[in-house]
Amino acid sequence: LGRDLLALEAQDHYLMVHTRRGSALVSMHLGEAVKILPPRLGFQAHRRWWVARKEIAGLRRDGARTLIELTGGLTVPVGRTYLAAVRSSLETPGP
């Protein structure tokens, strides 16, 4: 799958790892992965999603929902609980 991580998506007791080369299911919880990944690389945008900061193409609204558009064409929902943190993270320059 390469090293270009786009996003992580929780699916029951597994984690779908999305990269530029494709996706794969691994046996891990999202919380475990978030603890391992350096915060400068990305952030949790939803209770089921973590996104790589450098892969974010932009934010958009779809009715009441806020969505993150990633460079690989993936669209990630932003949870209401995470919205302020997502906006703050996007305003803060990355590495």
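Scroll up a little and you will see the structure.
An account of the accompanying structure is given in this report. Note that the structure is a prediction, hence the values are computed from the model and not measured. (Residues numbered from 1 in each chain as written. Predicted model: local features only at pLDDT ≥ 70, side-chain atom pairs only at ≥ 80, totals over all residues. Heavy atoms only, no water.)

Re the environment of Y14
Then comes step 1: Along the chain, the position of Y14 falls in strand β2 (residues 14-19).
Then comes step 2: Taking the C-alpha atoms as reference, Y14 lies 7.9 Å from L30; in sequence the two are 16 residues apart.
Then comes step 3: Excluding residues within four positions of it along the chain, Y14 makes contact with E9, L25, V26, S27 and M28. (Helix = DSSP H or I, 4+ residues; strand = E, 2+ residues; numbered from the N terminus. Contact = heavy atoms within 4.5 Å.)

Observations concerning the sheet that holds strand β6 (residues 56-62)
Then comes step 1: With respect to topology, three strands assemble into an open sheet ordered β6-β7-β8, the strand pairing being antiparallel. On the outer flanks of this sheet lie β6 and β8 (75-78), each paired with one strand and no other. Shown here is a sheet whose adjacent strand axes are inclined to one another by a mean of 30°, direction ignored.
Then comes step 2: As paired elements, strand β7 (residues 65-70) and β8 share four bridges and run antiparallel to each other. Counterpart to E69 in the pairing with β8 is T75.
Then comes step 3: Its contacts with the sheet place helix α2 (residues 83-91) against β6, β7 and β8, and it is angled at close to 145° to β6. (Pairing = 2+ DSSP bridges. Axes fitted to C-alpha atoms, helices over the stretch in contact; angles between N-to-C directions.)

Describing the pairing of strand β1 (residues 5-11)
Then comes step 1: With respect to burial, β1 is a largely interior element, six of its seven residues being buried.
Then comes step 2: With six bridges connecting them, β1 and β2 associate as antiparallel partners. By the bridge assignment, L8 is partnered in β2 with V17.
Then comes step 3: Where β1 hands over to β2, the hairpin turn is made up of two residues, of which D12 adopts a positive phi near 55°.
Then comes step 4: Here β1 runs beside strand β5 (residues 49-52); their pairing, made up of three bridges, is antiparallel. Residue pairing in the sheet places E9 in a bridge with W49 of β5. (Buried < 20%, exposed > 50% of the residue type's maximum accessible area, 1.4 Å probe, protein only.)

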